[in-house]
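One letter stands for each residue in the lines below.
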Amino acid sequence: MPPAESLGSNYDSNGFYDEMLAGPDRPRPGYRHLYDLMNRLGPAELQRRHGLAMQMFRNHGITFAVYPDAQGNEKVFPFDIIPRVISARTWAKLEAGLKQRLTALNLFLDDVYGAKRILKDRAVPPEIVLSSPLYMREIEGLPVPHGIHCHIAGIDLVRDDKGEFFVLEDNLRTPSGISYVLANRHVIKRVLPDLFAGYPVRPVEGYVHELLRLLRWLAPGGIDDPTVVLLTPGLHNAAYYEHLYLAKQMGIELVEGTDLVVDQDHVFMRTTHGLRPVHVIYRRLDDDWLDPIFGRQESLVGVSGLVNAYRAGHVVIANGLGNGVADDKAVYALVPKIIRYYLGEDPILPNVHTYLCADPNDAKYVLEHIDQLVVKTVDASGGYGMLIGPASTATERDEFKRRIAAHPRAFIAQPVVSLSVQPVLDGGRLRRTHQDLRPFVLSGQDVHVVPGGLTRVALRPGSLVVNSSQGGGSRDTWVMAEDEMAGTDEIGEVANA
């Protein structure tokens, strides 16, 4: 039995599904060793180790940027020392669902920019897809190597008040966060080595090898030793730390637009020894800024002529162009139909129920119940451009009603999901916080899901917004290679107990 004054003796989940504690001093099966060790260490020692972790983040420059910010752009990425534990059985379902989803979405992207069978068959409403502000008619018919448009995806998952996982949104353009997954693991293994050694945790360190293997595989035919580069907007981008980290770990060049030049539809990198051919570009720029000839003419971070070189087949861009249509939150609502159309299967991972304001009946419901819903713009990300109805003011709701009435296609709405919670260490005590999960998926010769992902934590008390730009942080995510004991149930305590 834990001592009377253990860390969780007065902990209150307030009715939310708590992933770590089924009740005060009642750790779920996967957390028992973790909970016991935390109590043995005690609040003071845990705080000391948390301080060591944050010092490691500072020393390694593990930062992100927020714009605008009165205290300066660069911030150390907030970190909680208590890891998240996901059972082998639960992960097996998540992994299968993510592979299914990315397979279907790549088929969808290849189809809507090609034959458009799904639209001609009206398996999904063509008007929803083709009216997306993220649909790029300029690339219709553009051949894509291996038919794969999205090579690197980050899929946001949430867990509800019953402990069930749902897909909240898809990120198929330039998803960020994998560097924090790797950094979190590096740090936790050093500040809690005695704990880490006692768990059969699946490794995440192989991601960099898998990513480089994928990028090299994408190279144009006939290239035995391709030159791969990572294209960054530059030092002031919010995810620059990640760009630098990944390029260094893969042993490839980190380049900006001015480092590349296109000649005769071939891409070259400027070096001290002259121009060097480039065959694969892992781009971390949005479509509009990638090539001033193709997109925004004022772009100073892109490469003139890059899209023509891509079109000619002399260079491969990962991720491909035009993936944003699959990120559109109105198209997100159609993904279950997309999966059924291309794969003939029911979705393994369900969507959060979504109201399309482009549908008059849905719009009427949203306007009448806006105080109970989360309203989002279809093309926004990062926690911006949304209204959380129950936490909103009458003025904010009236403003969103006007915007929905004026541009219904630009909005969707969802019920407020009672996001699962897990304690964070706060001043030597446990405090509940909401969290989500962003697993990363690589699509190439096969589909590879990194075991775990980025668990983002809403560190502000009472907040449901986990984005780092909105005050969120992260914690390490442990996927078990095997479950501790037969008959355990992650949602309950012990099956048939």
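Only a predicted model underlies this, so the values are computations on that prediction, with no experimental measurement involved.

Participant: Looking at this model, I keep getting lost on the sheet that holds strand E9 (residues 253-255). Mind explaining?
Facilitator: Note: strands within a sheet are paired through backbone hydrogen bonds, in either parallel or antiparallel orientation. Strand order in the open sheet made by the four strands is E9-E8-E13-E14, with parallel pairing throughout. At either end of the open sheet lies a strand with only one pairing partner, and these are E9 and strand E14 (316-318). Taken over all neighbouring pairs, the strand axes of this sheet differ in orientation by 30° on average, direction set aside. Pairing of strand E8 (residues 228-231) with strand E13 (residues 280-283), which is carried by four bridges, proceeds in the parallel orientation. Within E13, the position partnered with leucine 230 by the bridge is tyrosine 282. In the packing of helix H7 (residues 207-217) onto the sheet, the strands contacted are E8, E13 and E14, and the crossing angle to E13 comes to about 130°. On top of the sheet, helix H8 (residues 240-250) reaches E8, E9 and E13; it is set at about 150° to E9, its chief contact.

Participant: Would you explain the packing of helix H5 (residues 178-191) against H8 in this entry?
Facilitator: How two helices pack is summed up by the angle between their axes together with the distance between the axes. Between H5 and H8, the least distance of the axes is 9 Å, while the angle of their chain directions is 70°. Taken together, the axes of H5 and H8 lie roughly perpendicular to each other. Side by side, H5 and H8 meet where Ile178, Ser179, Tyr180, Leu182 and Ala183 of the first sit next to Tyr241, Glu242, Tyr245 and Leu246 of the second. Among the residues forming the contact of H5 with H8, the class breakdown is seven nonpolar, one polar and one charged.

Participant: What is the right way to read unusual backbone geometry from this model?
Facilitator: Leaving glycine out, the prevailing phi sign among residues is negative, and the prevailing peptide bond configuration is trans. Cis rather than trans, the peptide bond between alanine 318 and asparagine 319 has omega equal to -10°. The backbone of asparagine 14 shows a phi angle near 60°, a positive value even though the residue is not glycine. Relative to the assigned elements, asparagine 14 resides in the segment before strand E1 (21-23). A positive phi angle, close to 55°, is found at arginine 122, a residue other than glycine. With respect to the helices, strands and loops of the structure, arginine 122 is situated in the loop between helix H3 (117-120) and helix H4 (126-130).

Rules used throughout
- Residues numbered from 1 in each chain as written.
- Predicted model: local features only at pLDDT ≥ 70, side-chain atom pairs only at ≥ 80, totals over all residues.
- Heavy atoms only, no water.
- Pairing = 2+ DSSP bridges.
- Helix = DSSP H or I, 4+ residues; strand = E, 2+ residues; numbered from the N terminus.
- Axes fitted to C-alpha atoms, helices over the stretch in contact; angles between N-to-C directions.
- Contact = heavy atoms within 4.5 Å.
- Parallel < 35°, antiparallel > 145°, perpendicular 65-115°, else oblique.
- Nonpolar A, V, L, I, M, F, W, Y, C, P; charged D, E, K, R; others polar.

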